[in-house]
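Each chain, letter by letter, is given below.
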Amino acid sequence: MINWKALSAGIAVVIVLGLIMQLAFTSVIVRQMELNRNYPDYSGVINTLPYLVGFGGYFVVMVAGGFVTASIALNRVVLNASIVGVATAGLSLWFSISKGEINLMSLIFFALGVVFCIAGALFWRMRRSSS
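In this text, all values refer to a predicted model and were calculated from it rather than measured experimentally. (Residues numbered from 1 in each chain as written. Predicted model: local features only at pLDDT ≥ 70, side-chain atom pairs only at ≥ 80, totals over all residues. Heavy atoms only, no water.)

> Could you clarify how one ought to interpret helix α4 (residues 77-96) in this entry?
Working note: α-helix, 3.6 residues per turn, so residues spaced by three or four point in the same direction. For α4, with 20 residues, the first-to-last C-alpha span of 28 Å sits near the 28 Å given by 1.5 Å per residue. Listed in full, the buried residues belonging to α4 are Val-77, Asn-80, Ala-81, Ser-82, Val-84, Gly-85, Thr-88, Ala-89 and Leu-93. (Helix = DSSP H or I, 4+ residues; strand = E, 2+ residues; numbered from the N terminus. Expected span 1.5 Å × (residues − 1). Buried < 20%, exposed > 50% of the residue type's maximum accessible area, 1.4 Å probe, protein only.)

> Explain helix α3 (residues 49-73) to me, please; I cannot follow it from the model alone.
Look at α3: 36 Å from first C-alpha to last across 25 residues, which is about the 36 Å you get at 1.5 Å a residue. Listed as buried for α3 are Pro-50, Gly-57, Tyr-58, Phe-59, Val-61, Met-62, Gly-65, Gly-66, Thr-69, Ala-70 and Ala-73. Of the surrounding secondary structure, the elements contacted by the buried residues of α3 are α1 (4-38), α2 (43-46), α4 and α5 (104-130). (Contact = heavy atoms within 4.5 Å.)

> Help me understand the pattern of salt bridges, please; the structure alone is not making it clear to me.
Opposite charge on two side chains lets them pair, provided their charged atoms get close. In the structure shown here, the tally under the stated rule is 1 salt bridge. For the salt bridge of Glu-34 with Arg-31, the shortest nitrogen-to-oxygen distance reads 3.1 Å. With Glu-34 and Arg-31 both in helix α1 and 3 residues apart, this pair spans about one turn of that helix. Among the residues examined, Glu-34 registers a relative accessible area of 30% and is labelled partly exposed. For Arg-31, a relative accessible area of 42% translates into the label partly exposed. (Salt bridge = Lys/Arg side-chain N within 4 Å of Asp/Glu carboxyl O.)

> Which parts of the structure should I look at to understand the side chain of Thr-88?
Topologically, Thr-88 is positioned in helix α4. Leaving out residues up to four positions away in the same chain, Thr-88 has contacts with Ile-11, Val-14 and Met-62.

> Can you walk me through the packing of α4 against α5 in this structure?
Axes are the key here: two packed helices are described by the angle between their axes and the distance separating the axes. The geometry of α4 relative to α5 is characterised by a closest axis approach of 8 Å and an angle of 150° between their N-to-C directions. By the angle between their axes, α4 is roughly antiparallel relative to α5. The way α4 lies across α5 gives a crossing that is right-handed. Contacts between α4 and α5 involve Val-77, Val-78, Ala-81, Ser-82, Val-84, Gly-85, Val-86, Ala-89, Gly-90, Leu-93 and Ser-96 on the former and, on the latter, Ser-106, Phe-110, Val-114, Cys-117, Ile-118, Ala-121, Leu-122, Trp-124 and Arg-125. (Axes fitted to C-alpha atoms, helices over the stretch in contact; angles between N-to-C directions. Parallel < 35°, antiparallel > 145°, perpendicular 65-115°, else oblique. Left-handed = near helix turned anticlockwise from the far one by under 90°.)

> Looking at this structure, how should I read the packing of α3 against α4?
Where α3 meets α4, the axes come as close as 9 Å, and the angle between the chain directions of the two elements is 140°. For the crossing formed where α3 meets α4, the hand is right-handed. Of the residues in α4, those in contact with Tyr-58, Met-62, Gly-66, Thr-69, Ala-70 and Ala-73 of α3 are Val-77, Asn-80, Ala-81, Val-84, Gly-85, Thr-88, Ala-89 and Ser-92. The class makeup of the residues in the contact of α3 with α4 is 8 nonpolar, 6 polar and no charged. (Nonpolar A, V, L, I, M, F, W, Y, C, P; charged D, E, K, R; others polar.)

This is the structure:
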């Protein structure tokens, strides 16, 4: 059975945390440009920083969404978290498509978004069973 309250809460958490993460990502990009200007010899290392923050932040946001969804749903947490993952990763995919084309990296991010949302639900289940 689908828990609409859990789905709404999970989607809201992913959207709000995702927007906060985008703000942090923008700050990292600005800092990266300053560091590249001041330390051009280290540009290779400096240029990886936004990718680490972006990838890590996206996955943490998806785990949080799955965790919140599971904590409200209590039953069929994987189903509910997978719906939240598909909905939010699908929305993200829809906004990120450039020129109407879907590339392989976009599909990988979609799939990993769903997987990490389910991982958040499984983490909640593991914590609940150990308590």
